[in-house]
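# Residue-level structural notes
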Protein chains: 2
Amino acid sequence: MERRIFQNFLVERGLKLTKEREAVLREIFSIHGHFEPEHLYLIIKGSGNKASRASVYRTLNLLVESGLVERISRTDKGSVYEHTYGHRHHDHMICTECNGVIEFYSENLEEIQNTICSKYDFSGKNHTLEIRGTCRTCIKRKK
Amino acid sequence: MERRIFQNFLVERGLKLTKEREAVLREIFSIHGHFEPEHLYLIIKGSGNKASRASVYRTLNLLVESGLVERISRTDKGSVYEHTYGHRHHDHMICTECNGVIEFYSENLEEIQNTICSKYDFSGKNHTLEIRGTCRTCIKRKK
DNA sequence: CTGAAATTGAGATTAAGTTTCAATTGAAAA
DNA sequence: TTTTCAATTGAAACTTAATCTCAATTTCAG
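Residues numbered from 1 in each chain as written. Chains lettered and ligands numbered in written order. Predicted model: local features only at pLDDT ≥ 70, side-chain atom pairs only at ≥ 80, totals over all residues. Heavy atoms only, no water.

The next thing to look at is the domain arrangement of chain A. All names here are of chain A. Along its sequence, chain A is organised into domain 1 (2–83) and domain 2 (91–142). Contacts between the two partners involve 5 residues from domain 1, matched on the other side by 7 residues from domain 2. Note on domain 1 versus domain 2: buried area summed over both sides is about 460 Å², and carbon and sulfur give 48% of it. Looking at the side of domain 1 facing domain 2, the largest losses of area belong to His34, Ile72 and Ser73, adding up to 64% of the total buried there. For the interface between domain 1 and domain 2, the tally reads 0 salt bridges. At the surface where domain 1 touches domain 2, the tally comes to 2 residue pairs in polar contact (both at pLDDT 80 or more). (Domains from an automatic or database assignment. Contact = heavy atoms within 4.5 Å. Buried area = accessible area lost by both parts, 1.4 Å probe. Salt bridge = Lys/Arg side-chain N within 4 Å of Asp/Glu carboxyl O. Polar contact = N/O pair within 3.5 Å; in protein donor to acceptor, adjacent residues only side chain to side chain.)

This part is about helix α3 (residues 37–45) of chain A. Residues and elements named next belong to chain A. Every buried residue of α3 is listed here: Pro37, Leu40, Tyr41 and Ile44. Viewed end-on, α3 has its buried residues packed into an arc of 100°, placing them on one side of the element. The elements touched by buried residues of α3 are α2 (19–30), α4 (53–66) and β2 (78–83). (Buried < 20%, exposed > 50% of the residue type's maximum accessible area, 1.4 Å probe, protein only. Helix = DSSP H or I, 4+ residues; strand = E, 2+ residues; numbered from the N terminus. Arc of directions from axis to C-beta.)

Bringing the protein's contact with DNA strand C into the picture now. Surveying the vicinity of DNA strand C reveals 21 residues, the closest of which are Lys16, Thr18, Arg21, Ser52 and Ser55 of chain B. Here DNA strand C approaches the protein such that, of its atoms within 4 Å, sugar and phosphate make up 76%. Interatomic distance of 2.7 Å between a backbone N/O atom of Lys16 of chain B and a phosphate oxygen of DNA strand C. One of the side-chain N or O atoms of Thr18 of chain B is found 2.5 Å from a phosphate oxygen in DNA strand C. Secondary-structure elements contributing two or more residues to the surface near DNA strand C are α4 and β2 of chain A together with α2 (19–30) and α4 (53–66) of chain B. (Near = heavy atom within 4 Å.)

Moving on, we get to the interface of chain A and chain B. Chain A puts 35 residues into the contact, and the matching count from chain B is 35 residues. Of the roughly 3200 Å² buried where chain A meets chain B, counting both sides, 59% is carbon and sulfur surface. For the salt bridge of Arg71 of chain A with Asp76 of chain B, the shortest nitrogen-to-oxygen distance reads 3.8 Å. There are 17 residue pairs in polar contact (both at pLDDT 80 or more) connecting chain A and chain B. Per-element tally for the side of chain A that touches chain B: the top contributor is strand β5 (residues 123–134) of chain A, with 12 residues. With 11 bridges joining them, β5 of chain A and strand β5 (residues 123–134) of chain B adopt antiparallel strand pairing. If you follow Thr134 of chain A over to β5 of chain B, its bridge partner there is Ser123 of chain B. (Pairing = 2+ DSSP bridges.)

Once chain A has been moved 0.6 Å along the axis and rotated by 178°, it coincides with chain B to within an RMSD of 1.9 Å. On the angle and the small slide along the axis, the relation comes out as a two-fold axis. Nearest to the rotation axis, the C-alpha of Leu129 of chain A is located 2.0 Å from it, this being the minimum over chain A. Most of the interface of chain A is mirrored in chain B, where 100% of its interface residues again form contacts. (Least-squares fit on C-alpha atoms with pLDDT ≥ 70 in both.)

So, in structure tokens, the structure goes:
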């Protein structure tokens, strides 16, 4: 299904669904959770398929534009992505000790944001909420 | 006041409040709103004071650690900071049409986040909420 | 004043991400 | 099928924010 969506997106822009782009798409949607571009590149490289680092980055940008993938954070060491198609919207807590990511969802949070938007006559399309701090495990470890 | 806070922060860690650090601190707190490191460096350079780019970056990191300054976003072209001392915490709505920024604050939102954090035994230090969409003015304009 | 420790600046370095460009591929038209 | 031409690819060069190096300088406690 994501393949068809990406296909449509590409065709609309006069672009082609090449083997490389397919490989990137396939790997991204077989990853459960977050991933970094370099990591993605290595997986693809080791999977019998092929796609250069440049193609991985290029495809990643296209996928973000198409809405199938989201860049969920930028750290000093690069960006973290996740595929959004087929996943319910959620937000993130990021542990600054171990760089771990915890996903969460709160209906309350969504509602309040809607209220705020209408208060400002703002038409909200999407949002990113990132809570940074220390996760359970790291708190214990530090004691 | 921010000077004293920074001073204390530095002393606690056996560091010194040098002329360079003072210059960075002063300029940051005289800027109304957001700023980028390079921009800050140029302002300081042109203000009779001095601080190398390296010192600007180093001081910026210290200020973030001290809690006086916050990195509010990372873009392809670098980071954006703002000083938080004397400013109530707030979040941002970003209009993707005009790139305008609307600041807002919601106690509700803060409380819910605290609840979520404790639910996950997560020790939240700070957060960034960015709602992207279209602002009032741009909605009107487009009609 | 002295000395240990912190700090500075200039330039080197790092590394994520982008761009370049010659060679290749894809697919629509002939 | 062959032609054709724009799109695509990969390898390496490049860009650029941010960090690091290190010799020289400054700070400040004693």
